[in-house]
Amino acid sequence: MARRCYIWIAILITGGESASITPLEDLYKRFNIPGSPPESMGRGRDWNVDLVPKFLMAGGQLVKMLLFTEVTRYLDFKVIEGSFVYKGGKIYKVPSTEAEALASSLMGLFEKRRFKKFLGFVANYDENDPKTMEGVDPKKTTMQEVYKKFDLGQDVVDFTGHALALYRTDEYLTQPCLETINRIKLYSESLARYGKSPYLYPLYGLGELPQGFARLSAIYGGTYMLNKPIEELVMENGRIVGVKSEGEVARCKQLICDPSYVADRVTKVGKVIRVICILSHPIKNTNDANSCQIIIPQNQVNRKSGEFLYLCVYDFMLAAQGKYIAIISTTVETNDPEKEISLHLNSWSPLSRNLIVLATCMPLLIWE
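Residues numbered from 1 in each chain as written. Predicted model: local features only at pLDDT ≥ 70, side-chain atom pairs only at ≥ 80, totals over all residues. Heavy atoms only, no water.

Caption draft 1: Geometry of the overall build of the protein chain. Summing up its helical and strand segments, the protein chain has 9 helices and 17 strands in all. Out of the 368 residues in the protein chain, the part that is buried amounts to 47%. Summarising the internal contacts of the protein chain: among those between residues at least 6 apart in sequence, 67% fall at separations of at least 24. Surface accessibility of the protein chain: about 19,400 Å² in total, with carbon and sulfur atoms responsible for 49%. (Helix = DSSP H or I, 4+ residues; strand = E, 2+ residues; numbered from the N terminus. Buried < 20%, exposed > 50% of the residue type's maximum accessible area, 1.4 Å probe, protein only. Contact = heavy atoms within 4.5 Å. Areas by Shrake-Rupley, 256 points an atom, 1.4 Å probe, with all protein chains shown as cover.)

Caption draft 2: Representation of the nonpolar core in the model. Counting 72 residues, the largest nonpolar core has Trp47, Phe115, Phe118, Tyr201 and Ile325 as the members making the most contacts within it. With 21 residues, the next largest nonpolar core counts Ile273, Val275, Ala289 and Tyr324 among its residues. (Core = buried A, V, L, I, M, F, W, Y, C linked by side-chain atoms within 4.5 Å.)

Caption draft 3: Broad picture of helix α7 (residues 178–194). Here α7 contains 17 residues, and its C-alpha end-to-end distance of 25 Å stays within 8% of the 24 Å for a straight helix at 1.5 Å per residue. Contacts made by the buried residues of α7 are with β4 (56–57), β6 (82–87), α4 (109–124), α5 (143–149), α6 (154–164) and β8 (199–202). Following α7 by one or two positions, Gly195 adopts a phi angle in the positive range, close to 90°. (Expected span 1.5 Å × (residues − 1).)

Caption draft 4: A look at the pattern of salt bridges. One pass over the full model with this rule turns up 12 salt bridges. Note that Lys87 and Asp155 form a salt bridge whose closest N and O atoms lie 3.3 Å from each other. With Lys87 in strand β6 and Asp155 in helix α6, the pair connects residues that are 68 residues apart, well separated along the chain. For Lys87, a relative accessible area of 23% corresponds to the partly exposed category. The exposure class assigned to Asp155 is partly exposed, which follows from its relative accessible area of 36%. Here the residues in one salt-bridge network are Glu111, Arg114 and Asp151, joined through shared partners. (Salt bridge = Lys/Arg side-chain N within 4 Å of Asp/Glu carboxyl O.)

Caption draft 5: Structural detail: the sheet that holds β8. Taken together, the 3 strands give an open sheet; going across it, the order is β4-β8-β5, and neighbouring strands pair in antiparallel fashion. Edge strands, defined here as strands with exactly one partner in the open sheet, are β4 and β5 (77–79). Pairing between β5 and β8: 3 bridges, direction antiparallel. Of the residues in β8, the one forming a bridge with Lys78 is Tyr201. (Pairing = 2+ DSSP bridges.)

Structure below.
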């Protein structure tokens with residue numbers, strides 16, 4: 001069946017606070033670092049730094065959409081080498097299969113058996129088949145009650161909720177369990193595709209995604225205008241109908257853009273701080289993984305929300321050879337976010353060597 005691209009009905013505005021920065025000199029300018037990058041950092045054009053990095057679940061909706069539209073013909077991906085969780089000052093590989101659960105040093109012998117049974121229950125759970133539910137109502141039973149049913153300890157609950165289901169806080173515990181079960185299923189199914197981890201990342205960074213759609217759009221007659229200033233969003237009857245730039249109006253049925261372009265139409269609900277770390281070594285205790293995600297549950301660092309650490313190396317075409325980019329992100333909980341994160345960063349030994357740190361605090365927004 002022929003696939004058509006209907007990008008002509010929409011206008012895509014990229015960049016803003018979620019831009020991908022290249023070369024390295026531009027990153028230094030963005031964070032007001034005086035001077036130029038030292039020669040030891042390699043060529044500036046070898047760097048592609050995503051300000052808001054996001055791993056793609058191998059079995060997630062975005063990957064399915066990229067495959068269906070065949071945008072993947074213009075993109076190359078690599079599998080992230082591992083997923084880890086931080087506990088008691090150490091880093092452990094996240095067990096997400098029954099076999100890994102039995103081999104993991106995160107849990108004791110009896111806890112492993114209970115967690116193995118829990119993973120088996122999740123894998124077989126079908127909200128449309130009462131035989132698989134074991135008395136768990138998808139709309140009424142909370143996730144806290146599911147954990148209690150399998151007698152899972154707090155440490156197991158922490159890495160299950162934050163490293164498998166990828167929640168930032170513990171609010172999900174009092175909500176119906178179906179969403180969490182589906183999240184854990186997605187993690188396991190994505191992991192089964194490639195084995196090392198459930199995550200994919202595009203070579204040269206997330207900036208390749210809109211470029212891939214641009215190339216596909218061009219095949220079907222779409223037009224992309226680069227480096228055009230945005231003067232006005234044209235509204236009619238309360239709906240977006242176009243974008244005005246340099247006296248011309250490009251009309252559309254839908255606008256896709258960074259929230260910074262429509263600041264008057266979003267509501268600020270919090271802040272996120274991201275710390276960009278440039279290293280000359282992999283993170284220790286990760287088997288020298290060249291790419292990984294490390295989940296830091298909030299209970300491990302006495303916070304209300306957990307932290308996520310992302311690491312990628314030069315073979316993702318994101319950094320110069322021999323260099324690594326590590327980014328820590330978390331929800332801001334104090335009035336001094338940079339001090340808040342720096343205290344934790346200075347005490348966290350896996351990142352303590354040969355470190356250059358850039359910090360950015362971004363608003364957490366929702367659409368009105």
